[in-house]
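Below, each chain spelled out in residue letters.
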Amino acid sequence: MTARIPVLTIDGPSGSGKGTVARRVAERLGWHLLDSGALYRLVALASRATGLESMDEAGHAVCAATLDVRFSSRPDGEEQIWLAGQDVTAAIRTERAGDDASRVAVMPAVRSALLERQRAFAQSPGLVADGRDMGTVIFPEAEVKIFLTATPEERARRRHKQLKDKGLDVSLAALSREIAERDRRDSSRAVAPLVPASDALILDSTVMPIEEVVDQVLSVMRQRVG
Ligand code: C5P
């Protein structure tokens, strides 16, 4: 019998801090990391390269099923993402890529084309999976499930600061509107909507420093997994 691989899922809306928390927790545990949002962003990018606007659901699903992606690390430890041999690390992090991703993510055929690819990330010694439906759909048997949230105002403020630090000038009001629209689309879709799993621990990061969230997640892990 093969031993079960322990999985920790971290779901939540954009700007809740889940990406940073997932990365740090994975580093501290020495576990693998699945950034499932990157996969949806890659599908949107691959679809755009072939004509996003004119493509139907089956076309997007083909892009998802045939995604030629490779993850690597730069010498400074930063993650690098390659799509069909091209470095798309920066291209998938734009607001447009996020918005495109949430449009292809409503399509059931796209979600099912990515299902097994995501489950294949569960490798020894364990996996930290970051997304919207990690605890509800992809890893329903996960040992520990976290749902990380923060107020929409705080999430927009964080995203605004991130973009400003990158030298991009985006209005806070426009960002707040975009975040509200993406939340609405992610939470109201018919398949795998953004909702906490019934057995998830809900953490609010609005006034909690990221390091404190990381420590809380690690302490829950120690209690449950040992
Ligand atoms: O987390 P990130 O902002 O990179 O995700 C981009 C979009 O991909 C989300 O707004 C959501 O629509 C979609 N997504 C999803 N399911 C996941 C991860 C991301 O539907 N597990």
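Refer to the structure printed above.
On a predicted model such as this, the values are computed, not experimentally measured, just so you know.

Trainee: Go over the environment of Arg-24 with me, naming the residues and quoting the values.
Mentor: Tracing the backbone through its elements, the reader meets Arg-24 in helix H1 (residues 18-29). A sequence separation of 187 residues divides Arg-24 from Glu-211, and the C-alpha atoms of the two residues are 8.8 Å apart.

Trainee: With reference to specific residues and values, describe the nonpolar core.
Mentor: Across soluble globular proteins, nonpolar side chains show a tendency to be buried alongside one another. Leu-34, Leu-42, Val-43, Leu-67, Val-110, Leu-114 and Phe-139 are the most contacted members of the largest nonpolar core, which totals 29 residues. Considering each element in turn, this core owes the most residues, seven residues, to helix H2 (residues 36-50).

Trainee: Lay out the site of the ligand with the relevant residues and their values.
Mentor: The environment of the ligand is formed by 16 residues, the closest being Arg-41, Arg-111, Asp-133, Arg-182 and Asp-186. Between Arg-182 and the ligand, the recorded distance is 2.8 Å, taken from a side-chain N or O atom to an oxygen atom. Within the complex, 96% of the 450 Å² of free accessible area of the ligand lies under protein. Elements represented by at least two residues in the shell around the ligand include exactly H2, helix H4 (95-104) and helix H8 (172-188). If one sorts the elements of the shell around the ligand by residue count, H2 sits on top with four residues. For the shell around the ligand, the per-class residue count stands at four nonpolar, four polar and eight charged.

Trainee: Account for unusual backbone geometry, with residues named and values stated.
Mentor: The omega torsion across Ser-124 and Pro-125 is 5 degrees, close enough to zero to call that bond cis. Structurally, Pro-125 can be placed in the loop between helix H5 (108-119) and strand S6 (127-131). Phi at Ala-84 takes a positive value of approximately 45 degrees, unusual for a residue other than glycine. Its location among the elements puts Ala-84 in the loop between strand S4 (79-83) and strand S5 (86-87). Residue classification places Ala-84 among the exposed positions, given a relative accessible area of 55%. Residues other than glycine seldom take positive phi values, yet Ala-192 does so here, at roughly 50 degrees. Inspection of the secondary structure assignment puts Ala-192 in the loop between H8 and strand S8 (201-204). Residue class for Ala-192 comes out buried when judged on its relative accessible area of 11%.

Trainee: Can you lay out the side chain of His-160 for me, pointing to particular residues and giving the numbers?
Mentor: Inspection of the secondary structure puts His-160 in helix H7 (residues 152-165). Discounting chain neighbours no more than four positions away, the residues touching His-160 are Val-170, Ser-171, Leu-172 and Leu-175.

Trainee: Report on the packing of aromatic side chains, specifying residues and quantitative values.
Mentor: Counting across every chain of the model gives one aromatic pair. A centroid spacing of 6.2 Å and a plane angle of 80 degrees characterise the contact between Phe-71 and Phe-121, whose relative ring orientation is edge-to-face. Of this pair, Phe-71 sits in strand S3 (residues 69-73) while Phe-121 is found in the loop between H5 and S6, placing the two residues 50 residues apart along the sequence. When its relative accessible area of 32% is taken as the criterion, Phe-71 is described as partly exposed. We classify Phe-121 as partly exposed; its relative accessible area is 22%.

Trainee: How would you explain the sheet that holds strand S1 (residues 7-11) if you had to name every residue and give the values?
Mentor: Think of a sheet as strands paired side by side through backbone hydrogen bonds, with each pair either parallel or antiparallel. Strand order across the open sheet formed by five strands is S2-S6-S1-S7-S8, with parallel pairing between neighbours. Two strands close off the open sheet at either side, each with one partner strand: strand S2 (32-35) and S8. Averaged over neighbouring strand pairs, the angle between their axes works out to 20 degrees when direction is ignored. Inspection of the sheet shows S1 paired to strand S7 (residues 144-149) by four bridges, in the parallel sense.

Trainee: With reference to specific residues and values, describe the packing of H2 against H4.
Mentor: At a minimum axis separation of 8 Å, H2 and H4 run at an interaxial angle of 95 degrees. Taken as axis vectors, H2 and H4 run roughly perpendicular relative to one another. Side by side, H2 and H4 meet where Tyr-40, Arg-41, Val-43, Ala-44 and Arg-48 of the first sit next to Arg-96, Ala-97, Gly-98, Asp-100, Ala-101 and Val-104 of the second.

Trainee: Give me the lowdown on the packing of H7 against H8, citing residues and values where you can.
Mentor: Where H7 meets H8, the closest approach of the two axes is 9 Å, and the angle between their N-to-C directions is 125 degrees. In terms of orientation, H7 and H8 fall into the oblique class. The handedness of the crossing between H7 and H8 is right-handed. Each of Arg-155, Ala-156, Arg-157, Arg-159, His-160 and Leu-163 in H7 lies in contact with H8, whose residues at this interface are Leu-172, Leu-175, Ser-176, Ile-179 and Asp-183. Of the residues assigned to the contact of H7 with H8, the class counts are five nonpolar, two polar and four charged.

Cut-offs used in this document
Residues numbered from 1 in each chain as written. Predicted model: local features only at pLDDT ≥ 70, side-chain atom pairs only at ≥ 80, totals over all residues. Heavy atoms only, no water. Helix = DSSP H or I, 4+ residues; strand = E, 2+ residues; numbered from the N terminus. Core = buried A, V, L, I, M, F, W, Y, C linked by side-chain atoms within 4.5 Å. Buried < 20%, exposed > 50% of the residue type's maximum accessible area, 1.4 Å probe, protein only. Near = heavy atom within 4 Å. Polar contact = N/O pair within 3.5 Å; in protein donor to acceptor, adjacent residues only side chain to side chain. Areas by Shrake-Rupley, 256 points an atom, 1.4 Å probe, with all protein chains shown as cover. Nonpolar A, V, L, I, M, F, W, Y, C, P; charged D, E, K, R; others polar. Contact = heavy atoms within 4.5 Å. Phe/Tyr/Trp six-rings, centres within 6.5 Å; stacked < 30°, edge-to-face > 60°. Pairing = 2+ DSSP bridges. Axes fitted to C-alpha atoms, helices over the stretch in contact; angles between N-to-C directions. Parallel < 35°, antiparallel > 145°, perpendicular 65-115°, else oblique. Left-handed = near helix turned anticlockwise from the far one by under 90°.

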